[in-house]
Structures are given as C-alpha cells and as structure tokens.
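Chains, contacts and geometry: an overview
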Amino acid sequence: MPKHYRLPGKKKEGNAAKYMTRSQAVKYLQVSLSVFRQLCIHKGVFPREPKKKVKGNHHTYYHIKDIMFLKHEPLLETYREIRVHEKKVKKAESKKNRNLAERLERHKPDYSLDRLVKERFPTFVDALRDLDDCLSMVHLFAALPAVEREHIEVDRIHNCRRLSHEWQAYISRTHKLRKTFISVKGIYYQAEVQGQTVTWLTPHALQQVLPSDVDYKIMLTFLEFYETQLELVNYKLYQSINVKYPPILDPRLEALAADLYGLTRYLDTNARASMVESIDVRPSGSDQIEEQKEETKLEEPELRLAQLQHNLSSNEPGSMMRLVEDVGEGDEDDAEMKECRNFFKDMKFFLSREVPRESLLFVIPAFGGMVSWEGEGAPFPESDSSITHQIVDRPTQKRKFLSREYVQPQWIYDCVNFRVILPTEEYLVGRVAPPHLSPFVDNEEEGHVPEYAETIKRLQAAARKQVLPLPGAGEDDLGDPQNLLGIIDRAEEIEATEKKRKMTFDQKRYLDELNTELESCQYYDRSNVSKLKDAEGTDAAEDSLPDLKQIAEDNDNMSKVLISRKKRKLLEAMEIGKERKKANIKLLKERKKKIDEAEKSG
C-alpha cells in the first residue's frame, strides 16, 4: 500500500477540507441559488480564491467556516417559510380560492435586517467606515425610474429618496461637507463625520436609461441591506444633535419636490426648540410623572399633528434656511468646521430654473449660505434686493439686477473646493468657464500642476495673508475679490525680488565653494603625478574624476541582484509606472506649449 494512500470516504485534508464549491454549498444548505446569493449578500460572505483549486478553475469556492456561519443563521429558516408561503398562495390561486389567497397574502412572513447590521458593524464607527457603497447605491436608486419588469417598485424609490435627503440634510446642517466634484458619471461628494471620511457619488438629475445587461435582482438585494444600514446611521446621527427621527416634512414642500429644504427647516426648528428646552428649568419628579401620564393619553396622530404645527410656526424667510450656530453647549468645533460654517456667511443666492437645484441646495447651506429658487415654496423671491449672487446656466441673461453678481454653477463648486471666494470675472454668464479641477487629485504627487491651479494658489495666498493695499486703495478694498488681482501682482513682484536676492547670494556662495574644491583637486592631481613619475618613470599620468552616474547605476543594479525575483518584478513595474507618468506629463506640457503658440499666432 502506498504511503499517502487514503481510503475512500475518509477525512479530507488540505484545501479540499477548507473549501467547497458553490453547488456543494447550495446542496448542503438545501436552498435555491437565488436564496443562497441573497443570504451571502446580507451576511457579508464572499467567494474565496484558494491556492489550489481542487475541483478546477471554473468553479466558485467558499470557505467551510463561512458555510457553517450561514447554516446557523435564523434568517435561513425565514427564507424557507417564505418559500412555503409562496407555494401555498400559488396553490390557492390555481384552485381559484381568492379568499384563501388574500388571507395568506395578509399573513406573509416578514423579516428585519437590523440584527444583521448590528452583527456586521459592532460599533457605529464601523458602519460609517463602510458607508461609501451604501450611499452611492441609495442615491443611484433614488434617481432611477420605477420599472415593474425589473421589480423596481415606486415605494422603494421613494424610500431611497427619503433616506438620501435625510443624510444630505444632516451633512448640510452640521457643516460636514468638505469636497465636491462634477464629473461625467455624476457629482462626487466627500464629508467628514466623526473622524471618518465618507465619499459617495450622486447621479445627475437626468432621465436614466436602464441597461439590459445588469442583474437588478442582485442590486436590489444589496439595496435592501443598505437601506437598513443607512436608516440606522441616520437615526444615530439625528439623535446626536437632539433631533427626533424620522423627521416630519411640510406636506406643501413635499408636494413641490422641496424635500431637502423641508428637512433643513425641520432640523433648524428642532435644534432651536431643544436649545430653548435646555435653558428652561426642569420640572420636579411628580410633575414629570403627571406630564408623562398626560402624554400617553394623546394618540399618535395628534402628536404628529402638533409637531407639524410647531414646525410650521416659523414663517420668517431668514430663519428658515439659517442654520443653527451651535449643535450643543459643550460642542467644540474644529477650525475647518468653523471655516466651512462661515464661508458663505452674509451671502444670499438665488437659483435659476436651469441649474442643478438639489445639488446647490445641499452645498450652499453646508457652507453657511442662504439660498432660494425659482418657483413655489421658495424662502424669498427673485426680486429681493439683499440677494448677492444669482446662479445662471444659460448663454444670456435678459433681466439683470445691478446689486448682484450673475455667475455659473461651477463658481460655487470651485470656491468650496479651494476655500476661497474666487473672482467672478471668469464665471460670468456667456463666458467659457475655466477648467474644473478635481480636489481629489494631488497635483504635486502627479508631477503636473495645471495653470489654473497655480492661479488659485496665488489667490489663496493673497486671501489668507495680509498684504498692504496699493497706493490710492484702502484696506476695505482687500475684501473685494475683484481687487485682489492687482494686489497679487504686487505680492508677486515683492516675492520675485526676494527670491532673486536669495538666489544671487546662494550662487555666489556656491561659486566660492566650487573654486575651493577645484584648487584642492588640482593640488591632489599634482601630487599624484609627481609620485607616479618618481616610481614608474612614466611621461604622463591620466587621472579622471569618477563617473557619478555610472556609480549610481551600478549600485541600483547591485541592489536589484540582491532582492528576490518577486520583489524585483514589482520594482520594475513601479519604474514602468513612473516612466509612463513622466511621459504623460511631457505630453501635457507639449500640448500646452502648442496651444499657447497657436493663441499667440492667432
């Protein structure tokens, strides 16, 4: 008998004992493939890649421990009950017993994913850390149409829209937004919530076309879990700022598709009410017991109606969109949050009907601005004389007010990304806007700094450093972005003069050191030549300085020889990537040079 012979049916070893294929897992759990996929998505179980695939490369493998984890899941029994219930309903309909079918539909087994969310995310920080895909998926379905053949229901779309607006209202209310970027895919947002950076993508407000090569059942399964996760996150965040959840919206604003504005108004009203209640003296213990007894007598519809009337009591336009300065008495905000809160302070914006309203209603209040729009339910009309900027995205603007600036929507996003109020000359109506630079790209690391990025850096330096005004201009002119260009020119001249002086000093010192070094080298060469003549009696001696470039190449080759093959291949791949990046930068510079030459010749 061979040494490694194993009788059939004996215990398996190695990868065969650690992994099983998907068909084996489905057969072991006694469920259908769709239920197995649904269970894996909800539990967070994904396929593995074993080093040695026992059954072949064309199979999908799962770890045995993951399958055992699914076997003891209580949700598996609920799926089986749902399957049995569907069979009963189908049997009643086939027998044309409508009463029995309707009675069975009313008692359909239901389940909740709250326990699974708590199981997968033990702490709240874990849920925030894994919120990127959740937000992107919820915002995607909030913009999709309801399609019956793909099982995308209207209630699911409305729920996604509600959850996305609740998240945006919290971010806008607490000034957590940090970056935005408009791309072809949609609008990217980045917020910082409790020390965690959350980035998500929102599609454009356009008619969405559903591709036919996408499995929407799997996406809906992911969405089912993400809805529960985002709802629990929103609940926790709203409780942290002493606001009741879920919020109650004004039906009039909800009918006018102004949900985000209604949520901001709700947050504002509740935050102020909580601050007022904290100032009031708390009643005694007996009074509290009596009040609790009286509150229990009220029915839930009466409570909701009273809360709605309390929210509608604030009719002042300025107080609707003005965000509360402090979340609580003991909260200490960092410098970045204070900067975001006061960035658009004392500025009022009006949105024309052609601009992306939902995005701007989210971004502008997040940075301390007041905003209104064209249509019913707006806080203030277009004719308001206190409006400082009007956002327009059309070639021409016929009716203009001299007391305000007319800019394109890109001006808002660029100001927000670079934390400086940019001059509006390049963003006026009818002009070609400057390039929209991404705040997610590090230009210094990429090796190429666009021309407009350098201009923005100079504007930031002029806005944050105190520069003396030009002759004939006062200190008040420094606050006007339009007057910063001349100040920047003067600051550049001063900086250039200082740099020139330093370069002259460094150059002189470098030349002195070089002369000293050359003199020492000449003395060394002369002594060597004399020694060679005395010892060997030769007529001349050839002395040359070592080639530094060759020495560096030899050292690099020596270090490559000493490392392993795997690390050497990785190093070569990194070098190829660097060379490719340098080639792209060189190509960009050549294109820029050709464009500049064409502009000069034209």
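As recorded by an unreviewed UniProt entry, the protein carries the name Pescadillo homolog and is attributed to Fraxinus pennsylvanica. Its UniProt record, at the heading Function (unreviewed entry), says of the protein: "Required for maturation of ribosomal RNAs and formation of the large ribosomal subunit."

1. Observations regarding unusual backbone geometry
With an omega of 0°, the peptide bond running from Y245 to P246 counts as cis. Looking at where P246 falls in the secondary structure, it is placed in the loop between α11 (216-240) and α12 (251-255). Positioned with a positive phi, D346 is a non-glycine residue whose angle comes to about 60°. Within the secondary structure, D346 is located in the loop between α17 (335-341) and β6 (348-351). The exposure class of D346 is exposed, given its relative accessible area of 70%. Of note, the phi angle at R419 is positive, near 55°, even though the residue is not glycine. Position of R419 relative to the elements: it lies in the loop between α19 (409-418) and α20 (443-446).

2. Observations concerning the pattern of salt bridges
Using the criterion set out here, one finds 20 salt bridges in the structure. Notably, a salt bridge pairs K53 with E49, separated by 3.0 Å at the nearest N-O pair. Looking at K53, the relative accessible area reads 24%, which means it is partly exposed. The salt bridge involving E150 is made with R149; its shortest N-O contact spans 3.8 Å. Each member of the salt-bridge network shares a partner with another, and the members are K43, E73, R115 and E119.

3. Section: the nonpolar core
Ranked by internal contacts, the top residues of the largest apolar core, which has 98 residues, are F36 and W167. Here this core gets 10 residues from one element, more than from any other, and that element is α11. In contact with F36, other than residues within four places in its own chain, are R22, A25, V26, L29, V31, Y62, I67 and L70.

4. Observations regarding the sheet that holds strand β9 (residues 405-407)
To summarise the sheet geometry, strands pair through backbone hydrogen bonds and adopt either a parallel or an antiparallel arrangement. Here we have four strands laid out as an open sheet, ordered β7-β6-β8-β9, and parallel in their pairing. The open sheet has two edge strands, β7 (370-373) and β9, and neither has a second partner. For this sheet, the mean inter-axis angle between neighbouring strands, taken without regard to orientation, is 25°. Alignment of strand β8 (residues 389-391) against β9, held across three bridges, turns out to be parallel. Across the sheet, residue Q390 finds its bridge partner in β9, namely Y406. Across the sheet, helix α18 (residues 357-366) is in contact with β6, β7 and β8; its angle to β7 comes to roughly 165°.

5. Notes on the pairing of strand β3 (residues 177-182)
The pairing of β3 with strand β4 (residues 187-193) spans five bridges and is antiparallel. Paired with T180 across the bridge in β4 is Y189.

6. A look at the packing of aromatic side chains
For the structure on display, the rule yields 16 aromatic pairs. Summarising the aromatic geometry, the rings of F121 and F225 are spaced 6.4 Å apart at their centres and angled 40° between planes, so their arrangement reads as tilted. Here the residue F121 occupies a position in the loop between α7 (114-120) and α8 (124-129), and F225 occupies one in helix α11, the gap between them amounting to 104 residues. For F121, a relative accessible area of 10% corresponds to the buried category. An angle of 65° between the planes, with centres 5.3 Å apart, marks the rings of Y238 and Y245 as edge-to-face. Through a chain of ring-to-ring contacts, the aromatic side chains of F121, F222, F225 and Y226 assemble into a single cluster. We note R404 situated over the ring of F401; from NZ or CZ to the ring centre the distance is 4.1 Å.

7. Some remarks on helix α2 (residues 22-29)
What α2 keeps buried is the set A25, V26 and L29. One side of α2 carries all its buried residues, which in axial view fall inside an arc of 100°. With its phi angle positive at about 60°, Q30 sits one or two positions after the end of α2.

8. Let's talk about the environment of P145
Looking at the element boundaries, P145 is found in the loop between α9 (132-142) and α10 (154-174). When sequence neighbours within four positions are dropped, the list of residues in contact with P145 reads I152 and Q208.

9. A word on the packing of α2 against helix α3 (residues 33-43)
The N-to-C vectors of α2 and α3 enclose an angle of 95°; their axes lie 10 Å apart at closest approach. Taken together, α2 and α3 sit at an angle that is classed as roughly perpendicular. Taken together, the residues of α3 that come into contact with α2 (itself represented by R22, A25, V26 and L29) are L33, F36 and R37. For the contact of α2 with α3, the class distribution of residues is five nonpolar, no polar and two charged.

Criteria and thresholds
Residues numbered from 1 in each chain as written. Predicted model: local features only at pLDDT ≥ 70, side-chain atom pairs only at ≥ 80, totals over all residues. Heavy atoms only, no water. UniProt positions renumbered as here; feature names shortened; annotations may be inferred. Helix = DSSP H or I, 4+ residues; strand = E, 2+ residues; numbered from the N terminus. Buried < 20%, exposed > 50% of the residue type's maximum accessible area, 1.4 Å probe, protein only. Salt bridge = Lys/Arg side-chain N within 4 Å of Asp/Glu carboxyl O. Core = buried A, V, L, I, M, F, W, Y, C linked by side-chain atoms within 4.5 Å. Contact = heavy atoms within 4.5 Å. Pairing = 2+ DSSP bridges. Axes fitted to C-alpha atoms, helices over the stretch in contact; angles between N-to-C directions. Phe/Tyr/Trp six-rings, centres within 6.5 Å; stacked < 30°, edge-to-face > 60°. Lys NZ or Arg CZ within 6 Å of the ring centre and 35° of its normal. Arc of directions from axis to C-beta. Parallel < 35°, antiparallel > 145°, perpendicular 65-115°, else oblique. Nonpolar A, V, L, I, M, F, W, Y, C, P; charged D, E, K, R; others polar.

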